[in-house]
Amino acid sequence: MKNDLRKPYFGDPLNYIRVLAMLMVFILHVAVTNFYALEEPAKFLLRTPAWAGVWIFFFISGYFLCKGFHTGKYPFTVKGILKFWWARFVKIAPSYYLVIWLAHEMIGLNENASPKELTNLLTFNFDGTGSYIAAIGSLWFVSTIMKLYLLMPLIALVCIPLKKQRVLTAVLCGVVIAMGLGLRLYMYNNDYSWYADTYVSVVGNLDIIISACLFALMRTQLDTKKEDGKERRWNYMFRFIAAALIITLVADNCYIYFMNTAHNMFVYRYILPSIYILCTAFFVLCFDAGKTKRETAGKFHFIDFLSTVSFEFYMVHVPIKSLTAEFFNFAWMDNIWRYLVYLLIQFSLSLAAATAIHYATDGAVKLIKFIVNSAVKLIEKFVKKIIDTIKKGKGVNNNAQ
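A few points on the structure. Please read all numbers here as calculations on a predicted model, not as lab measurements.

### Remarks on the packing of helix H1 (residues 13-29) against helix H10 (residues 262-287)
Part 1 of the reasoning: Packing of H1 against H10 brings their axes to within 8 Å, and their N-to-C directions diverge by 150°. If you check the angle between H1 and H10, you find them roughly antiparallel. Contacts from Pro 13, Leu 14, Ile 17 and Met 24 in H1 reach Tyr 276, Thr 280, Phe 283, Val 284 and Phe 287 in H10.
Part 2 of the reasoning: Tallied by class, residues from the contact of H1 with H10 come to 8 nonpolar, 1 polar and no charged.

This is the structure we're talking about:
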């Protein structure tokens with residue numbers, strides 16, 4: 001659906017939160033030790049919560065993909081589910097493998113890495129640890145999200161009986177969030193590894209994906225528009241509150257992470273995931289278009305563009321930092337303005353690489369699809385021609401008899 005091109009267009013609101021998550025990961029990962037020497041009081045805002053950025057990515061992805069099942073985009077058939085899985089693989093795998101290859105060629109991977117570690121990396125079983133350089137450690141996210149994609153059709157299928165049960169859907173959202181919080185606290189009290197068992201594991205992120213699916217169903221049950229198609233006045237107020245909550249939460253999280261006390265880290269790791277689910281869900285519920293498609297203006301907008309390449313940006317920003325580290329004089333970054341210039345340079349380089357990878361892999365996939373489809377059509381024509389020839393031959397024989 002396109003808006004009136006004469007009206008100002010500020011980008012898809014839902015892309016803002018995706019880009020925010022991308023920046024939360026980026027700013028922390030490209031940070032250098034000079035950051036701590038800065039004297040500006042507001043420098044804590046540059047200690048962005050990358051873990052929380054990943055939680056937002058998980059929720060947004062789960063929300064829209066599960067919404068696809070709820071609205072009939074993906075049918076609950078074997079063919080429909082296989083098509084969903086294949087679409088996810090085709091969207092992720094080409095750029096993922098390309099980034100790994102580029103990291104190997106341009107930076108180098110640890111020669112002491114075992115074949116098992118390489119196998120885990122290539123088969124989406126990588127957890128960010130092992131002998132490989134830190135430049136690709138963040139790719140654990142890809143392995144985890146690919147496993148969660150396998151579960152999404154089942155989660156969406158289980159939700160079918162709730163389609164007309166608004167109250168029950170809302171209650172179950174609360175139950176899932178509470179159970180996720182309870183599971184994390186159980187892991188904490190029983191000395192489970194926060195990183196391996198809570199942060200990067202499928203089980204540790206199930207509450208995010210399940211609640212995202214339930215909230216996606218809830219959004220299809222809500223009617224935020226009047227009969228004339230315009231938004232109800234109260235929804236504008238909720239949108240303002242939702243945006244303010246997200247901004248406040250991220251800013252507070254920056255301070256919590258910056259202070260880095262044992263209590264603060266406990267809150268960040270075990271409590272805040274549930275808070276992020278609630279705030280992200282509220283934001284998405286307020287700004288999503290429900291059963292209809294999200295509106296665009298048919299114009300280029302930088303935020304929309306960043307959102308388009310955010311996955312590739314996530315994968316390349318750390319390798320770019322590793323590749324360019326020797327070219328920076330870190331002693332030069334003695335104030336926050338110079339540090340921001342450094343961040344801008346790293347951002348520009350990462351964006352250029354992400355854009356190139358996105359369009360290169362997208363173009364390659366489209367070309368392969370075109371070749372395959374053309375080959376299939378030629379084969380079909382050839383087979384049909386043979387069948388027609390055989391039928392004509394039989395017809396001649398029958399006439400002769």
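### Some words on the pattern of salt bridges
Part 1 of the reasoning: According to the stated counting rule, one finds 3 salt bridges in the structure shown.
Part 2 of the reasoning: Across the pair Asp 207 and Arg 184 runs a salt bridge, and its minimum N-O distance is 2.8 Å. Residue Asp 207 is found in helix H8 (residues 202-221), and its partner Arg 184 is found in helix H6 (residues 166-189); the two are separated by 23 residues along the sequence. No difference in accessibility class separates Asp 207 from Arg 184, as the two residues are buried.
Part 3 of the reasoning: We note a salt bridge from Lys 366 to Asp 362, for which the minimum N-O separation is 3.3 Å.

### Some points on unusual backbone geometry
Negative phi is the rule for most residues except glycine; trans is the rule for most peptide bonds.
Part 1 of the reasoning: One non-glycine residue, Phe 124, adopts positive backbone phi at about 60°.
Part 2 of the reasoning: Tracing the backbone shows Phe 124 in the loop between helix H4 (115-122) and helix H5 (140-158).
Part 3 of the reasoning: Note on Phe 124: relative accessible area 9%, which makes it buried.
Part 4 of the reasoning: One non-glycine residue with positive phi stands out, namely Asn 260, at about 60°.
Part 5 of the reasoning: On the secondary structure map, Asn 260 appears in the loop between helix H9 (233-259) and H10.

### Side note on the side chain of Thr 361
Part 1 of the reasoning: Of note, Thr 361 is situated in helix H13 (residues 336-400).
Part 2 of the reasoning: Thr 361 has contacts with Pro 94, Ser 95 and Leu 98, leaving out every residue within four places of it along the chain.

### Description of the packing of aromatic side chains
How two aromatic rings sit relative to each other is given by the distance of their centres and the angle of their planes.
Part 1 of the reasoning: According to the stated counting rule, one finds 41 aromatic pairs in the structure shown.
Part 2 of the reasoning: Ring geometry for Tyr 97 and Phe 124: centres 5.9 Å apart, planes at 45°, overall tilted. Placement of the pair is Tyr 97 in helix H3 (residues 78-106) and Phe 124 in the loop between H4 and H5, with a sequence separation of 27 residues.
Part 3 of the reasoning: Their ring planes at 45° and their centres at 6.0 Å tell us that Tyr 186 and Tyr 192 sit as a pair that is tilted.
Part 4 of the reasoning: One residue, Arg 88, lies across the ring of Tyr 149, its end atom 5.6 Å from the ring centre.

### Regarding the environment of Phe 283
Part 1 of the reasoning: You can see Phe 283 is positioned in helix H10.
Part 2 of the reasoning: Note: C-alpha distance between Phe 283 and Ile 241 (42 residues apart in sequence) is 8.5 Å.
Part 3 of the reasoning: Phe 283 has contacts with Pro 13, Leu 14, Ile 17, Ala 242, Ala 243 and Ile 246, leaving out every residue within four places of it along the chain.

### What to know about the nonpolar core
Part 1 of the reasoning: In terms of nonpolar packing, the biggest core is built from 113 residues, with Phe 215 and Tyr 339 touching the most fellow members.
Part 2 of the reasoning: Beyond its immediate chain neighbours, meaning those up to four positions away, Tyr 339 contacts Ala 31, Val 32, Phe 35, Leu 38, Leu 46 and Met 333.

### Comments concerning helix H2 (residues 50-70)
Every α-helix carries 3.6 residues per turn, so stepping three or four residues along brings you back to the same face.
Part 1 of the reasoning: In this model H2 runs 30 Å from its N-terminal to its C-terminal C-alpha over 21 residues, within 8% of the 30 Å that 1.5 Å per residue would give.
Part 2 of the reasoning: Downstream of H2 by one or two residues, Gly 72 has phi in the positive range, about 90°.

Cut-offs used in this document
- Residues numbered from 1 in each chain as written.
- Predicted model: local features only at pLDDT ≥ 70, side-chain atom pairs only at ≥ 80, totals over all residues.
- Heavy atoms only, no water.
- Axes fitted to C-alpha atoms, helices over the stretch in contact; angles between N-to-C directions.
- Helix = DSSP H or I, 4+ residues; strand = E, 2+ residues; numbered from the N terminus.
- Parallel < 35°, antiparallel > 145°, perpendicular 65-115°, else oblique.
- Contact = heavy atoms within 4.5 Å.
- Nonpolar A, V, L, I, M, F, W, Y, C, P; charged D, E, K, R; others polar.
- Salt bridge = Lys/Arg side-chain N within 4 Å of Asp/Glu carboxyl O.
- Buried < 20%, exposed > 50% of the residue type's maximum accessible area, 1.4 Å probe, protein only.
- Phe/Tyr/Trp six-rings, centres within 6.5 Å; stacked < 30°, edge-to-face > 60°.
- Lys NZ or Arg CZ within 6 Å of the ring centre and 35° of its normal.
- Core = buried A, V, L, I, M, F, W, Y, C linked by side-chain atoms within 4.5 Å.
- Expected span 1.5 Å × (residues − 1).

Everything listed is a geometric property; what it means functionally is a separate question.
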